[in-house]
Amino acid sequence: MWAGILYALAAGLMWGLVFIGPLLLPEYPAALQSVGRYLAFGLITLPLAWLDRRQLRLLTRADWLEALKLAAVGNLLYYLCLASAIQRAGAPLPTMLIGTLPVVIAITANYRNAERDGRIAWRRMLPSLLMIGIGVACVNQTEVAAMKTANRADMLTYLSGAGLAIIAVACWTWYPLRNADWLRHHPDRHPRVWASAQGVAILPLAVLGYLLLWGGMGATQVDFPMPFGPRPQYFIALMLIIGLFASWIGTLCWNKASQLLPTNLAGQLIVFETLAALTYTFILKRQFPEPVTLLGIALLIAGVMTALRNKPE
C-alpha cells in the first residue's frame, strides 16, 4: 500500500507541471500547447517503445484501441480543456476544480468498482468529502470576490474557463477508472509498456491535430508565427520537459499505483497533483498564499489523510 501511495505522489508531482505551462506561455494558444505537449510525448515514447517492442507486439487490436481512447480523452482532450481554462480563468480556479477529482473519483469508484475493489460506507466517506469540498470553496473565495467587481465580458470569460475545467474533470474521472480496468485485467503486463502504448497511440492524433491547427491558423489569417510560435526554442524545450516528466513518467507512476491500490483509494491521491500545481504556481508568481487559501489547502490535505484511513470492505 505504501509503495502505491509513493507512486501516486510521484505522479502528482509530475502532473503538477502541466499547470505552469500556460502561465509560462500565455501568448500561445491552448490548442497549440496541448498538441505540442503530446507530440513531444509521442516522439519521446518512440525510442522507449522500441526497447519494449516484444511486449508491445503482444497487445491485441482491442488493446491498442483502448490505448487510443485513453490517450485521446485522458490526455489530449483533458489538457486542451485544462490549458484553455487556465488561460481564461487563471490558474487557481481550474486547479481547485481539478482538486475535486479525489471526491468525484472516490464516489464514482465506490459505485462502479465495489465488487472488484470493495466498498467504503458512505457515512465513513462523508467527513473526508466534506473537508475536501470546503477546502475547494476556501481557495476559490478570493477568486469569486475578485470577479464581483469585473465587467460582464470578463465574467463570461471566467465562467467559460470554469466550464472547460469541469469538462477536464469529467475526462479525468473517466480516464483512471478505465485505465485501472485494463491494468487489473492484465496483471502480467508492465506499467511501463502500457505507458509507452498510450504514447505511441497518441502520436498520430497529435501530428494530425498540429497540422489541422497550423492550417486553420493560416486559413483564418491569425497573426501567430507557426509552427513553433514567437519563442520557438523556449516552446520546444518546455514541451519536451512536460512531455517527458508529466506525460511519460507521470503515466508510468500512475499505472504502477493503479496496479497496487483500489481505485476508490488511488483516485483520492490525485490531490497530490493539486497541491503540487498550487506550489509551483505560487513559486512561479513569487507570492505567498492568502490565509484563506492556506486554510483550503490544509483542509484538502486533512480530507485525503482522513480518507486514507477508510479501507474498502
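Residues numbered from 1 in each chain as written. Predicted model: local features only at pLDDT ≥ 70, side-chain atom pairs only at ≥ 80, totals over all residues. Heavy atoms only, no water.

Got a sec to walk through unusual backbone geometry? Specific residues and values, please.
Each neighbour pair has its own omega, and for Met226 with Pro227 the value is 15°, a cis peptide bond. Take Pro227: it is sitting in the loop between α11 (191-219) and α12 (232-260). (Helix = DSSP H or I, 4+ residues; strand = E, 2+ residues; numbered from the N terminus.)

Just give me the short version of a nonpolar patch on the surface, but keep the residues and values in it.
A surface patch of nonpolar side chains, about 250 Å² in accessible area, is lined by Leu6, Leu9 and Leu13. On the basis of relative accessibility, which here comes to 32%, the residue Leu9 falls in the partly exposed class. (Patch = residues over 30% accessible without salt bridge, like charges linked within 9 Å, V, L, I, M, F, W, Y side chains within 5 Å. Areas by Shrake-Rupley, 256 points an atom, 1.4 Å probe, with all protein chains shown as cover. Salt bridge = Lys/Arg side-chain N within 4 Å of Asp/Glu carboxyl O. Buried < 20%, exposed > 50% of the residue type's maximum accessible area, 1.4 Å probe, protein only.)

Tell me about empty space enclosed by the protein, and name the residues and values.
Summed over all chains, the structure comprises 3 cavities of 30 Å³ or more. Within this model, the largest cavity holds a volume of roughly 120 Å³. Lining of the largest cavity is provided by 13 residues; of these, Trp15, Arg37, Gly74, Asn75 and Trp172 occupy positions nearest its centre. Where the lining of the largest cavity is concerned, the elements lending two or more residues are α3 (30-51), α5 (61-89), α10 (152-185) and α12. Of the residues in the lining of the largest cavity, the class split is 7 nonpolar, 4 polar and 2 charged. Roughly 40 Å³ of volume is contained in the second largest cavity. Considering the residues around the second largest cavity, the lining is formed by Ile105, Pro176, Leu177, Ala180, Trp254, Ser258, Thr263, Ala266 and Gly267. Looking at the lining of the second largest cavity element by element, the count peaks at 3 residues for α10. (1 Å grid on protein atoms, 1.4 Å probe; cavity = no way out; pocket = protein on both sides within 12 Å on 5 of 7 lines; lining within 4 Å. Points joined across faces, edges and corners; volume = space filled by probe spheres on them. Nonpolar A, V, L, I, M, F, W, Y, C, P; charged D, E, K, R; others polar.)

Requested: an account of the pattern of salt bridges, with residues and values cited.
Inspection of every chain in the model, using the stated rule, returns 5 salt bridges. In this structure, the salt-bridge partner of Arg112 is Asp181, at a minimum N-O distance of 2.5 Å. Of this pair, Arg112 sits in helix α7 (residues 101-112) while Asp181 sits in helix α10; the two residues are 69 residues apart in sequence, bridging distant segments of the chain. The exposure class assigned to Asp181 is buried, which follows from its relative accessible area of 13%.

Tell me what's going on with the nonpolar core, and back it up with residues and numbers.
Grouped together as the largest cluster of nonpolar side chains are 85 residues, with contacts concentrated most on Leu32, Leu82 and Trp254. Tallying contributions element by element places α11 first for this core, with 11 residues. Not counting chain neighbours up to four residues away, the residues in contact with Leu32 comprise Tyr210, Leu213, Phe224, Met226, Pro227 and Phe235. Core analysis: the second largest hydrophobic core is formed by 7 residues, Ala85, Leu93, Tyr158 and Ala165 among them. (Core = buried A, V, L, I, M, F, W, Y, C linked by side-chain atoms within 4.5 Å. Contact = heavy atoms within 4.5 Å.)

Can you break down the side chain of Asp63 residue by residue, with the values?
Looking at the element boundaries, Asp63 is found in helix α5. One buried charged side chain, Asp63, makes no salt bridge at all; its nearest oppositely charged neighbour is Arg189, positioned 4.3 Å away. Setting aside anything within four residues of it in sequence, one finds Asp63 in contact with Trp182, His186, Arg189 and Trp194. (Lys, Arg positive; Asp, Glu negative; His and termini not counted.)

I'd like to hear about helix α1 (residues 2-15), residue by residue, with values.
In this model, α1 (14 residues) spans 20 Å end to end at C-alpha, consistent with the 20 Å of a helix rising 1.5 Å per residue. Of all the positions in α1, only Gly4, Ile5, Ala8, Ala11, Gly12 and Trp15 are classed as buried. On an axial view of α1, the arc spanned by its buried residues comes to 120°, and they lie on one face. Residues of α1 that are exposed and angled more than 90 degrees away from the buried face: Trp2 and Leu6. (Expected span 1.5 Å × (residues − 1). Arc of directions from axis to C-beta.)

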